[in-house]
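What the coordinates show
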Number of protein chains: 4
Amino acid sequence: MIKTAIIGASGYTGAELIRLLYHHPMVEITLITSRQYAGEPLSACYPGLGHLGLTFEDHNDEGVLDKADIFFTALPHKASAGIVAKLVARGKRVIDLSADFRFSDVTVYEEHYEPHPHPELFQEAVYGLTELYGEEVKDAKIVANPGCYPTCSIIPLYPLLKEGLISPKGIIIDAKSGVSGAGRGANQTTHFCEANESIKAYKVATHRHTPEIEEHLSRAAGGPVKVVFTPHLVPMSRGMLATIYAVPAEGVERAMVEGLWRDFYSGTPFVEVMSGDTLPDTAFVKGTNRCMIAVRENPATGHLILLSVIDNLAKGASSQAVQNMNKMMGWPQDKGLKVPVIFP
Amino acid sequence: MIKTAIIGASGYTGAELIRLLYHHPMVEITLITSRQYAGEPLSACYPGLGHLGLTFEDHNDEGVLDKADIFFTALPHKASAGIVAKLVARGKRVIDLSADFRFSDVTVYEEHYEPHPHPELFQEAVYGLTELYGEEVKDAKIVANPGCYPTCSIIPLYPLLKEGLISPKGIIIDAKSGVSGAGRGANQTTHFCEANESIKAYKVATHRHTPEIEEHLSRAAGGPVKVVFTPHLVPMSRGMLATIYAVPAEGVERAMVEGLWRDFYSGTPFVEVMSGDTLPDTAFVKGTNRCMIAVRENPATGHLILLSVIDNLAKGASSQAVQNMNKMMGWPQDKGLKVPVIFP
Amino acid sequence: MIKTAIIGASGYTGAELIRLLYHHPMVEITLITSRQYAGEPLSACYPGLGHLGLTFEDHNDEGVLDKADIFFTALPHKASAGIVAKLVARGKRVIDLSADFRFSDVTVYEEHYEPHPHPELFQEAVYGLTELYGEEVKDAKIVANPGCYPTCSIIPLYPLLKEGLISPKGIIIDAKSGVSGAGRGANQTTHFCEANESIKAYKVATHRHTPEIEEHLSRAAGGPVKVVFTPHLVPMSRGMLATIYAVPAEGVERAMVEGLWRDFYSGTPFVEVMSGDTLPDTAFVKGTNRCMIAVRENPATGHLILLSVIDNLAKGASSQAVQNMNKMMGWPQDKGLKVPVIFP
Amino acid sequence: MIKTAIIGASGYTGAELIRLLYHHPMVEITLITSRQYAGEPLSACYPGLGHLGLTFEDHNDEGVLDKADIFFTALPHKASAGIVAKLVARGKRVIDLSADFRFSDVTVYEEHYEPHPHPELFQEAVYGLTELYGEEVKDAKIVANPGCYPTCSIIPLYPLLKEGLISPKGIIIDAKSGVSGAGRGANQTTHFCEANESIKAYKVATHRHTPEIEEHLSRAAGGPVKVVFTPHLVPMSRGMLATIYAVPAEGVERAMVEGLWRDFYSGTPFVEVMSGDTLPDTAFVKGTNRCMIAVRENPATGHLILLSVIDNLAKGASSQAVQNMNKMMGWPQDKGLKVPVIFP
């Protein structure tokens, strides 16, 4: 059994990691940390997980970082980089769920976040969108686990841009997320009575996942891609849908898109191309590492409409992190991740 | 007190009309009809409205249509046209909430719906998007009350197209609706456990509100406008948000859009232009006849992002119908409609 | 037009008061206060109410308390008593939505809350459960607006205890409330993801509404009544249901209970006895001042089961406050409160 | 790998069985049936489960019942008994999720349901509340899987009645269920807009789970026990809470109840006694086979308040069925069921 640690386990992605690692057949959880809950049992933070018998430690305490081999860091950005640096110095392998190592260019990070405390580690990190970069993940010291919006958006777009089926111009991503994406911190936006019976856009044209999306679309297209990205908050706990508008290349039809997707993702277990009448629904992927994608044509204007759903806490965060761990360890990438959707 | 009737009062728009007309100071409800509930008290259908003491009648019964002066028809399309014809023949004025008289061209209707039983009445009908066509509504025999998606989409787009601030090409409307938009009929889509914790697109590129939207945008632009329109189902009872992507004319900026909106809607009480940081939220308009709109720029691609919220059952249906009645009667258009939002 | 003020208008009961007073035909809102938002427009706190053009003031500023005749105080307990004292000293009439004047015995208050800063005012206050104490409310200087749980529980129980139809022993109140009852303050309990898809009891056997309920049941019974009271948090914004178990006196049947209720509340417009098959549902009273009650028998054990629903923010707080204002002013008690339920 | 079949797999308990059996390490699913979907892929009914590659068959077709060794029947009552009889005749072992074999006395069944087509099989069936009757389940041909309300209610009550810690008289069970308990059939009650923002009691004093509860409480008490049982519908998909009021025997205190529970369930992995301040919440057990219980005292009246939560589709139906299968096969009872709660 490989020893795994979750640094910053008190948030939603931490709880989701605990759920997934606990029943993963190849690993055990030997360390969970939280500054706020250090010394307390997991039940103090998550009563439903109390029976696992875990206790929070403080990751700054002497010797704590020796307790595991693989580390999941689920801290806020900047806080994460510091602990990642310590872990790398100890020779540990890290899957970082923060934004701290998601960019290849530190200036892009610093433009959208803040001065980076460990720019020297940027070159060590691999962007862990497993379906695209799984080979590089295998040997990575640091895997930068992707953001939820980027995961949901890049999966359908990457192959189409790479093969030139759509124009790199005019891509519009209208994305919708459940409230858990805002984290467990209590504020007016996440108050039940404010989020319930409400839908609204937020951070329009300014969300920090935009440059993350654009970096990988640019790689696919072989040149700079700029997108319109509009996130929305939906009154549900989990789930993410991206509705994407793109201009196809001459003669490109629905079947060609579906065919390309199928080919491109043929070796991967978690992307499902929906080729019938049914449209993707976040309820189809809840609790799973799956991404379901579909395409429709709008003949009157010539647009393609791409639809992509994931569970923001799973494929959009924690289960993709486990998928990356599987890659790093040389295990089948769906090890411990084959549990079907929980519905309803 | 003017006598008003609701034909087909057992659905959600019917219940909303009852709510609004009951406390309207100039009218009384003298007739509610339903084939299914004929002879039964309103409480059999809506227990919360039982105290109003109303009883359903059958609108096909002899003499029933003489019981009021102004009629709201809230029947399914096609069923509506037949009763509207009877009412017009009796000299009654009708506000029709169905789709039966929403198009100026019967062939467009028949392409998207079915053969129309009373094409001769098309010329009698005025499209009741009150802010745009209020003057024509005044004298109309038949007011075709707009669909919810068209109301939410046309209000922000019309002035911009009319004044050339945006291109008539490349308009994308990504709209999100609460479940009440699907009506009160029970089916798998509206089952709580299917709609809850879920977001999905439906009728992508095929929704029948598309030609309704396009007709009025084309009027505004002075030439044919085609849009991409994607409706989504959101796990909430009421509310509608349209996130609209448009390409501005050279040099057009946020302030110019807001300024034009303000001018264009200056004489109307229900459109609010949000010029600060806050973005529209369906929770801001619940239960009201209001439409709140905002705009943002996406400098990297040059797009404008327009955001528009209404209550789909109110401004998207029943309260706009009352607003139209007010116009028809020569009353202030906000008569009986000034109740602020119910929140939370 | 009578001038009304809302002291502490930034919470949910404040917003609900604004909604109700704004369209009340006999009053105008001349003052809203909030320490946090003083100087800011109402839209800073409630964007959906921005069009009303109101601005928050600080109730501690010189002269502010002269701006109205009738005051609604919607502050936390203890904070409320201080401002109420100032208002009474100025000869103003006050409807206090806090718990500060709800008890006849200050020691009961102090046992469950904290030392009371103005015990001398206790005798000035009338408990504003309007259906029971409307006559006393008429002349009151201070009306202590009841808690939501007490309102929902006392209405069905009071007449039965008063007339001896049920035993004063063994009364169990199992109550369920929407999340707005917890207020607008953000904390983990009110986080969307914690309250959604969850039901739980809280403050079991220790909730401070218990002695408030018991005082009035004891008055009804003519002797001390102790109850079991268990509140629960339900994933909805508004609404409250009390399911009450009681032991009937010998020979008491459903029809007798319904008959007594009908008689007892015959002169009041807001209590509806449901005598058919339909059971009370919080959705029947949303946004209204209504209370719907029903009773069922459990022959095997001899218990009666009483069911009572209100909107916790309306009859459980703000609309009952308006009902009390109507009483104080000698207006019909349903003035401004006749708007039917908003559904769905 | 043991071959398992799900007869009537198109409902929510069927989908939950598929989820659980699919990742159970000792079994494979070799048959799923549905009359409605016979011949169609599972995706036609559950698009999120399409990737499992299962196809519905018709359980009435020749030879179909030979395709597995262990059968889960998830049909409506009465329909179930017929197929169970066929299976038993073939020597198959059956876990029946319907009500058809839940009573020891066929007259009780027939009083609350309808004439039973196979009363001769009553003696073959064991009531599968695994914690109580696990030993008998081991050798059973037919396991009658308990109802959700009985499971949630009997677990906390049984030991207390058996050991005389509470009176068999005056037990009141106020239970709250998510909407999935009503099944996947679409009707007005399960319509999103009717169930959302609503709480209501239903089938007060008449629910058919009452005699099922009473049978096992009577066994525990050694004499007839009658309860008050009031189910409620809560706006959430999954989850069940029972708030139970009981009169303790002289001198019985909280710690004694907790101690007895701990002893009684010490050999079982799924019952957790909560002895701290935290109260049970349905969100703590979502997707799991766990039951969390707690007790509080109400000193003023002497009552005990017991709180019990389960996932109605899991421990209340499908995962308890798997737990029973484990018992029948001689496997550890938590085989395949150790996945922690999914939260949020």
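Refer to the preceding data block for the structure.
The next thing to look at is the overall build of chain A. Helix and strand counts for chain A come out as 9 helices and 14 strands. Computed over the C-alpha atoms, the radius of gyration of chain A is 20 Å, within 12% of the 20 Å expected from 2.2 N^0.38 for a compact globule of 344 residues. Principal-axis analysis of the C-alpha atoms gives chain A an extent of 65 × 45 × 35 Å. Sorting the 344 residues of chain A into buried and exposed places 66% on the buried side. Positive and negative side-chain charges of chain A, numbering 31 and 38 respectively, have mean locations separated by a distance of 3 Å.

Before going further, it helps to spend a moment on the relation of the copies chain B and chain A. Turning chain B through 180° and shifting it by 0.0 Å along the axis lays it on chain A, with an RMSD of 0.0 Å. The transformation just described matches what one would write down for a two-fold rotation axis. Across chain B, the rotation axis passes nearest the C-alpha of P235(B), at a separation of 3.2 Å. A shared interface surface links the copies, since 100% of the contact residues of chain B are contact residues in chain A too.

Next up on the list: the interface of chain B and chain A. Listed by partner, the interface residues are 44 residues for chain B and 44 residues for chain A. Summed over both sides, the interface between chain B and chain A buries roughly 3,600 Å², with carbon and sulfur atoms accounting for 64% of that surface. Considering only the side of chain B, the residues that lose the most area to chain A are E197(B), I199(B) and Y245(B), jointly responsible for 18% of the buried surface there. Scanning the region where chain B abuts chain A turns up 6 salt bridges. The closest approach of N and O atoms between D281(A) and K200(B), which form a salt bridge, is 3.2 Å. Contributions of two or more residues to the side of chain B that touches chain A are made by strand 8 (171-177), helix 6 (192-195), strand 9 (200-201), strand 10 (227-233), strand 11 (240-246), strand 13 (291-298) and strand 14 (303-310) of chain B.

Further remarks concern the interface of chain A and chain C. Between chain A and chain C, the contact holds 19 residues from the first and 19 residues from the second. On the chain A side of the interface with chain C, the three residues burying the most area are H191(A), F192(A) and C193(A), jointly 37% of the side's total. Counting the contacts that link chain A with chain C gives 2 salt bridges. Between E194(A) and R184(C) there is a salt bridge; the shortest N-O distance is 2.8 Å. For the side of chain A that touches chain C, a count of residues per class yields 8 nonpolar, 9 polar and 2 charged.

Right, let's talk about unusual backbone geometry for a bit. For residues other than glycine, phi is negative in most cases, and the peptide bonds are mostly trans. Omega for the bond connecting F343(B) with P344(B) falls within 30 degrees of zero, at -5°, which places this linkage in the cis form. Looking at the element boundaries, P344(B) is found in the segment after helix 9 (314-329). In this structure, K203(A) is a non-glycine residue whose phi angle is positive, near 45°. Take K203(A): it is sitting in the loop between strand 9 (200-201) and helix 7 (209-221). The phi torsion at A205(C) lies on the positive side, around 65°, for a residue other than glycine.

Next up on the list: the sheet that holds strand 9 of chain A. Residue and element names in this part refer to chain A. The sheet built from 7 strands is open, its strands ordered 9-10-8-11-14-13-12 with mixed pairing. Looking at strand neighbours, the two that pair on one side only are strand 9 and strand 12 (271-273), the edges of this open sheet. Sheet topology note: the strand 12/strand 13 (residues 291-298) ladder contains 3 bridges and is parallel. In the sheet register, V273 faces strand 13, and the bridge partner there is I293.

Residues and elements named next belong to chain B. Take T73: it is sitting in strand 4 (residues 70-73). At 2.8 Å, the side chain of T73 and the side chain of D96 are in polar contact. In this structure, T73 is in contact with I7, S80, I83, V84, L87, V94, I95, D96, L97 and S98, ignoring residues within four places of it in sequence.

Below, the discussion takes up the pairing of strand 13 (residues 291-298) of chain C. Residues and elements named next belong to chain C. Of all 8 residues in strand 13, 7 are buried; the element is thus mostly enclosed. Inspection of the sheet shows strand 13 paired to strand 14 (residues 303-310) by 7 bridges, in the antiparallel sense. Bridge pairing in strand 14 links A294 to L307. Linking strand 13 to strand 14, which pair antiparallel, is a turn of 4 residues; within it G302 sits at a positive phi near 85°.

Definitions and limits used
- Residues numbered from 1 in each chain as written.
- Chains lettered and ligands numbered in written order.
- Predicted model: local features only at pLDDT ≥ 70, side-chain atom pairs only at ≥ 80, totals over all residues.
- Heavy atoms only, no water.
- Helix = DSSP H or I, 4+ residues; strand = E, 2+ residues; numbered from the N terminus.
- Rg over C-alpha atoms; globule rule 2.2 N^0.38 Å.
- Buried < 20%, exposed > 50% of the residue type's maximum accessible area, 1.4 Å probe, protein only.
- Lys, Arg positive; Asp, Glu negative; His and termini not counted.
- Charge placed at Lys NZ, Arg CZ, Asp CG, Glu CD.
- Least-squares fit on C-alpha atoms with pLDDT ≥ 70 in both.
- Contact = heavy atoms within 4.5 Å.
- Buried area = accessible area lost by both parts, 1.4 Å probe.
- Salt bridge = Lys/Arg side-chain N within 4 Å of Asp/Glu carboxyl O.
- Nonpolar A, V, L, I, M, F, W, Y, C, P; charged D, E, K, R; others polar.
- Pairing = 2+ DSSP bridges.
- Polar contact = N/O pair within 3.5 Å; in protein donor to acceptor, adjacent residues only side chain to side chain.

Spatial relationships are all this shows, so hold off on functional conclusions.
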